[in-house]
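Analysis of the macromolecular model
So the chains spell out like this:
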Amino acid sequence: MIKFVEKETPEITYPVGRKCKGDDGLVVIFWSEELGTAIYGGRYGVEDGLTVENWVSCQNYDVWQPCDIEITEEQRILDYGPAKGKIAYPIAKRDRKDGYIVLFIDDNKGIVAANNPDAGYTKCLGWVDCFGDINDPKWEPVDLKIYG
């Protein structure tokens with residue numbers, strides 16, 4: 001007897017990391033199935049930090065390859081080219097009071113990457129906003145690991 005069992009789609013816990021299977025190297029953090037932020041724009045110049053609401057679904061494994069993304073707390077300072085002396089983004093910081101984590105893509109612009117439900121304070125994952133100066137003491141650096 002032959003028995004066929006339909007394969008269940010694995011449950012995804014957001015955010016997840018995905019790398020485009022094309023040859024350009026695009027890497028996106030998905031906050032939901034189609035909402036994602038490019039953290040490495042690849043060779044074809046997608047802007048780092050670009051948040052799009054309608055990427056091809058992160059569950060389309062013909063387009064996307066799962067990848068782990070690790071962002072360390074170290075503030076990297078660029079030491080080359082016209083950007084010399086500037087911070088290399090993205091950088092993750094936690095709000096000391098409310099505990100949510102923001103992935104900064106600019107000196108004061110970021111994306112909510114994680115919440116602190118214990119504090120009763122939540123923001124929408126993937127929400128892009130101006131969060132004040134990255135060097136404000138209200139922010140503490142954190143390591144952020146996003147799994148594929």
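See above for the structure.
Thresholds, definitions, all that
Residues numbered from 1 in each chain as written. Predicted model: local features only at pLDDT ≥ 70, side-chain atom pairs only at ≥ 80, totals over all residues. Heavy atoms only, no water. Core = buried A, V, L, I, M, F, W, Y, C linked by side-chain atoms within 4.5 Å. Buried < 20%, exposed > 50% of the residue type's maximum accessible area, 1.4 Å probe, protein only. Helix = DSSP H or I, 4+ residues; strand = E, 2+ residues; numbered from the N terminus. Contact = heavy atoms within 4.5 Å. Pairing = 2+ DSSP bridges.

1. Some remarks on the nonpolar core
Across soluble globular proteins, you tend to see nonpolar side chains buried next to one another. Core analysis: the biggest nonpolar cluster contains 17 residues, and Ile29, Ile69, Leu103 and Leu144 have the highest contact counts within it. Broken down by secondary-structure element, the contributors of at least two residues to this core are β2 (27–30), β6 (69–71), β10 (101–104), β11 (109–114) and β14 (144–146). Those residues within four positions of Leu103 in sequence are excluded, and the remaining contacts are Ile29, Ile39, Ile71, Pro90, Ile91, Ala92, Lys109, Gly110, Ile111, Ala113 and Leu144. Counting residues in hydrophobic clusters, the runner-up holds 11 residues, among them Cys20, Leu26, Trp55 and Cys58.

2. Looking at the pairing of β11
Bridge count between β10 and β11: 4 bridges; the pairing is antiparallel. Note on β11: the bridge partner recorded for Phe104 is Gly110. Taking the residues that link successive antiparallel strands as the turn, the β10-β11 hairpin has 4 residues.

3. Some thoughts on the sheet that holds strand β4 (residues 51–52)
Taken together, 5 strands build an open sheet; the order of strands is β4-β3-β2-β1-β5 and the sheet is antiparallel. Of all strands in the sheet, those with a lone pairing partner are β4 and β5 (64–66), marking the two edges. Relative to β2, strand β1 (residues 16–20) runs antiparallel, the two sharing 4 bridges. The residue of β2 that forms the bridge with Val16 is Phe30.

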